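# Inside the fold
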Amino acid sequence: MPIYDIRIKQLFERPKADHSFWTALAAALRVDNGAFHDQLVHLRDQAGIGEDIGVLRVFDVVAWMHQGRQGQVATS
């Protein structure tokens, strides 16, 4: 299961009381015949990590690192 913390909330501009993140993520992975899912698989392949690393973990790492690089982590 991906980490869902303040970094991810901020990156995806989610509301403070968020009850639909997982539903939205599941929908995003299915839209356009799974294009986003396929892109995550491609990133995993490019990184040279095995199929034992799921696409949700790939999403998690990419999103968390991107937000960290932005230096926009809120304190509240």
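One structure accompanies this document, and this report is about it. (Residues numbered from 1 in each chain as written. Predicted model: local features only at pLDDT ≥ 70, side-chain atom pairs only at ≥ 80, totals over all residues. Heavy atoms only, no water.)

## Description of the overall build of the protein
- In terms of regular secondary structure, the protein is built from 3 helices and 0 strands.
- In the protein, which comprises 76 residues, the proportion classed as buried is 22%.
- Sequence separation of 24 or more characterises 45% of the internal contacts of the protein that already satisfy a separation of 6 or more.
- Accessible surface, the protein as shown: approximately 5,400 Å² in total, 56% of it carbon and sulfur. (Helix = DSSP H or I, 4+ residues; strand = E, 2+ residues; numbered from the N terminus. Buried < 20%, exposed > 50% of the residue type's maximum accessible area, 1.4 Å probe, protein only. Contact = heavy atoms within 4.5 Å. Areas by Shrake-Rupley, 256 points an atom, 1.4 Å probe, with all protein chains shown as cover.)

## Some remarks on the packing of aromatic side chains
- Tallied over the full model, the rule gives 5 aromatic pairs.
- With 4.9 Å between their ring centres and 75° between their planes, F21 and W22 make a pair best called edge-to-face.
- Each residue in the set Y4, F21 and W22 is aromatic and connected to the rest through ring pairs, giving one cluster.
- Taking NZ or CZ as reference, R7 lies 3.7 Å from the ring centre of W64, over its face. (Phe/Tyr/Trp six-rings, centres within 6.5 Å; stacked < 30°, edge-to-face > 60°. Lys NZ or Arg CZ within 6 Å of the ring centre and 35° of its normal.)

## A look at the pattern of salt bridges
- As enumerated under the stated definition, the model contains 2 salt bridges in all.
- Here D18 and R14 are joined by a salt bridge, their closest N and O atoms 2.7 Å apart.
- For R14, a relative accessible area of 22% translates into the label partly exposed. (Salt bridge = Lys/Arg side-chain N within 4 Å of Asp/Glu carboxyl O.)

## Quick look at helix 2 (residues 21-47)
- Its 27 residues place the ends of helix 2 only 26 Å apart at the C-alpha level, less than the 39 Å of an ideal helix rising 1.5 Å per residue.
- At D32, helix 2 is deflected by roughly 120°, the largest bend along its length.
- A positive backbone phi angle near 75° is found at G48, which sits one or two residues after helix 2. (Expected span 1.5 Å × (residues − 1). Bend = angle between axes of the 7 residues up to and from the residue.)

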